[in-house]
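Chain residues, written in single-letter form:
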Amino acid sequence: AARAGLRADGDGALMTRPLLSLTGVAKSYGEAAAVEDLDLDLEPGSFSALLGPSGCGKSTTLQMIAGLVVPDAGRIELDGTDLAAVPTEHRPISLVFQKPLLFPHLSVAQNIGFGLRMRGTARPEIDDRVADMMQRVQLHGLGARRPQQLSGGQEQRVALARALVLDPILLLLDEPFSQLDAALRSEMRTLVRDLHDSTGVTTMFVTHDQAEAVEIADRVVLMLAGAVEADDSPERLYQRPPTLATARFLGTGNELRGCVCGSEDGAGTGRVFTIAGTAHIEVTPGTSTGPSVLVIRPEALALAPIGPRDVSVTIVAVRFAGSHLVVTGRTEDDQDLEVHVPVGTRVDAGERVGVRFPPDRCTIFGRTPA
């Protein structure tokens, strides 16, 4: 039960508890705060992405969990145990770095089995577990090779196998694919997700790549300036970002300045978002009035004849993007708006069209008037 992160409540029923829990964790280097008052829980068997720009504290957080960096404040618990007094080598955690850090004088099989040998595991068991792990990471037949005979992707597979063969209860991945080309990154993401699904190991994946986080994880924790900015499923964070900073970080989106006006009727409707006083986009009930910023994804928009609830734009550019056309329009108050439409849509620069905004795809944030 402990392995599964289970505990009994007062009536003896089993309840899920966080496998990993960070409470008020902080770390500074001189006067620069790397992590500030960080609270974070990971559920058993979860796959989470810790997302954020360079310097936001992602790697420092992983290193504190692994025991490579000592926090200045706060508490880190793993499966109910305070890790403060647990040496790095005794923590049931595996960490994979950006660089594979393989031993150049050891073969692939010896690199994978190194940790098991340090634990004093019997040779037959080492051989069996290494062979199984090599099969899982698609390195079958390469056990005798040395690291210098491997490709970059193969080296990272060895690093993954070396981490997982120890049967950790927590796997930490610190941007392990950032030095690979796009095709290999995609291949390795699929492999990591498959390994997680087959082993069930709780995994935290650090990345600065928004698309990577959304594709691979069940949950995305966005860090900005050493603190958690947002924490939710990839789909909810992408479609309904809780803060403007989240919306700006998570991929391409339109950001329009305007004003919410009107009063709600008994049904909770009646308020609209206006741009230059002309467009009247319906907003969801409960939206506050006043100067606002509307955020919506380009793929959620549609071109239409100009209507009273559509935004009127002049087409300034049409660009082919493979699976769709990127249409850039300019509003009457000189704000640019990007719309993704199917390839083959007849639209030309200089044309004046309407853009339709689905209310349930719009997210509105208040702003201070300029």
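Throughout what follows, the structure given in this document is the object of discussion. (Residues numbered from 1 in each chain as written. Predicted model: local features only at pLDDT ≥ 70, side-chain atom pairs only at ≥ 80, totals over all residues. Heavy atoms only, no water.)

**Quick word on the pairing of strand β10 (residues 202–207)**
Rule in force here: Classification of residues uses two cut-offs on accessible area relative to the type maximum, computed with a 1.4 Å probe and protein chains only: under 20% is buried, over 50% is exposed, and between them is partly exposed. Secondary structure counts use DSSP, requiring at least four H or I residues in a row for a helix and at least two E residues in a row for a strand, with both numbered from the N terminus. Strands were regarded as paired on the criterion that DSSP finds at least two bridges between them.
For β10, the buried fraction is high: six of the six residues fall into the buried class. Burial along β10 is two-sided: Thr202, Met204 and Val206 and Thr203, Phe205 and Thr207, pointing in opposite directions, are all buried. Pairing of strand β5 (residues 47–51) with β10, which is carried by five bridges, proceeds in the parallel orientation. Opposite Ser48, over in β10, you have Met204 as the bridge partner.

**Description of the sheet that holds strand β22 (residues 363–366)**
Rules: Throughout, an axis means a line fitted to C-alpha atoms (over the contacting stretch in the case of helices), and angles, computed between N-to-C directions, take values from 0 to 180 degrees.
Strand order across the open sheet formed by five strands is β15-β14-β13-β16-β22, with antiparallel pairing between neighbours. At either margin of the open sheet sits one strand with a lone partner, and together these are β15 (279–282) and β22. Here the strands of the sheet are splayed against their neighbours by 40° on average, with no regard to which way each runs. Here strand β16 (residues 290–296) runs beside β22; their pairing, made up of four bridges, is antiparallel. Of the residues in β22, the one forming a bridge with Val295 is Thr363.

**Topic: the packing of aromatic side chains**
Two aromatic rings, taken as a pair, are described by how far apart their centres are and by the angle between their planes. Which entries qualify depends on this criterion: Centres within 6.5 Å make a pair out of two Phe, Tyr or Trp rings, where for Trp the six-membered ring is used; the pair is then stacked when the planes are under 30 degrees apart, edge-to-face when over 60, and tilted otherwise. We count a charge as sitting over a ring when the NZ of a lysine or the CZ of an arginine lies within 6 Å of the ring centre and within 35 degrees of the ring normal.
According to the stated counting rule, one finds three aromatic pairs in the structure shown. Look at Phe177 and Phe205: their rings are 5.9 Å apart centre to centre, the planes differ by 45°, and that puts the pair in the tilted class. Of this pair, Phe177 sits in the loop between β9 (170–174) and α5 (182–199) while Phe205 sits in strand β10, and the two are 28 residues apart along the sequence. With relative accessibility at 0%, the residue Phe205 sits in the buried group. Through a chain of ring-to-ring contacts, the aromatic side chains of Phe47, Phe177 and Phe205 assemble into a single cluster. A cation over an aromatic ring shows up here: Arg297 above the ring of Tyr238, its NZ or CZ 4.1 Å from the ring centre.

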